[in-house]
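An overview of the molecular structure
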Amino acid sequence: MRDLLAAFGAGLLFSLGLAISGMTRPDKVIGFLDVTGSWDPSLAFVMIGAIGVHFFAYRLLPRMRSPVFAERFALPTRQDIDGRLIAGAILFGMGWGIGGFCPGPAIVSVTGGLFAVLPFIAAMVVGMGLFEIWDRRNAAQ
């Protein structure tokens, strides 16, 4: 039960941050991405804040024996850049630029009553499913 409450609290905090920062508004995101037009730099402050929190939190990790709600840390170990990473970043960026949403803000927007984002979420789910099928086929070969 403690794990569920921790996950719910983290999700609630994340969704509130997305809503307050404007990340759930496609016009704001597209305005930020439009660097050659009427650029809206306000989301850069959101990114700077997130990078700052990560910077200090990541430096505190080695001093902790374990996470608060888990037995051990689950940190990524890969440090290489491969074709899958590059292709995924390109697809993510294209989806973000076309739809004006990242996955998290899209889901938060639906819970806030913005049902026009449902086709974006459907396309995202289909894309994840297609990748899963493709990845399993390649792993079997």
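Structural data are supplied above this passage.
Residues numbered from 1 in each chain as written. Predicted model: local features only at pLDDT ≥ 70, side-chain atom pairs only at ≥ 80, totals over all residues. Heavy atoms only, no water.

This part takes up the pattern of salt bridges. Summed over the entire model, instances satisfying the criterion amount to six salt bridges. Across the pair aspartate 40 and lysine 28 runs a salt bridge, and its minimum N-O distance is 3.3 Å. One end of the pair, aspartate 40, is in the loop between helix H2 (26-33) and helix H3 (42-60); the other, lysine 28, is in helix H2, with 12 residues separating them in the sequence. Between glutamate 132 and arginine 136 there is a salt bridge, with the nearest N and O atoms lying 3.5 Å from each other. Of the two residues, glutamate 132 and arginine 136 both sit in helix H6 (residues 118-140), four residues apart, roughly one turn of that helix. Residue arginine 136 is classed as exposed on the basis of its relative accessible area of 60%. Taken together, the salt bridges that share partners define one network made up of Arg78, Asp80 and Asp82. (Salt bridge = Lys/Arg side-chain N within 4 Å of Asp/Glu carboxyl O. Helix = DSSP H or I, 4+ residues; strand = E, 2+ residues; numbered from the N terminus. Buried < 20%, exposed > 50% of the residue type's maximum accessible area, 1.4 Å probe, protein only.)

Let us now look at the side chain of threonine 24. Position of threonine 24 relative to the elements: it lies in the loop between helix H1 (2-21) and H2. When sequence neighbours within four positions are dropped, the list of residues in contact with threonine 24 reads Leu18, Ala19, Phe101, Pro105, Val108, Ser109 and Leu114. (Contact = heavy atoms within 4.5 Å.)

Turning our attention to the layout of surface pockets. To find leftover empty space, one rolls a probe the size of a water molecule over the atoms. Here the largest pocket is characterised by a volume of approximately 570 Å³. Counting only elements with at least two residues in the lining of the largest pocket, the list comes to helix H4 (83-99) and H6. Counted by class, the lining of the largest pocket contains 13 nonpolar, four polar and one charged residues. The space that makes up the second largest pocket amounts to roughly 220 Å³. Taken together, Phe14, Gly17, Leu18, Ser21, Met23, Val46, Met47, Ala50 and Pro105 form the lining of the second largest pocket. For the lining of the second largest pocket, the secondary-structure elements that each account for two or more residues are H1 and H3. Looking at the lining of the second largest pocket, the element that brings in the most residues is H1, giving four residues. (1 Å grid on protein atoms, 1.4 Å probe; cavity = no way out; pocket = protein on both sides within 12 Å on 5 of 7 lines; lining within 4 Å. Points joined across faces, edges and corners; volume = space filled by probe spheres on them. Nonpolar A, V, L, I, M, F, W, Y, C, P; charged D, E, K, R; others polar.)

For the rest of this paragraph, the subject is the packing of aromatic side chains. One pass over the structure, following the stated rule, counts five aromatic pairs. Taking 5.1 Å as the distance between ring centres and 90 degrees as the angle between the ring planes, the aromatic pair formed by phenylalanine 55 and phenylalanine 56 counts as edge-to-face. A residue is classified by how much of its surface remains accessible, and phenylalanine 55, at 40% relative accessible area, is partly exposed. Geometrically, the ring pair formed by phenylalanine 92 and tryptophan 96 is tilted, given 6.4 Å between the ring centres and 35 degrees between the ring planes. Here the residue phenylalanine 92 and the residue tryptophan 96 both occupy positions in helix H4, the gap between them amounting to four residues, near one helical turn. Looking at tryptophan 96, the relative accessible area reads 15%, which means it is buried. (Phe/Tyr/Trp six-rings, centres within 6.5 Å; stacked < 30°, edge-to-face > 60°.)

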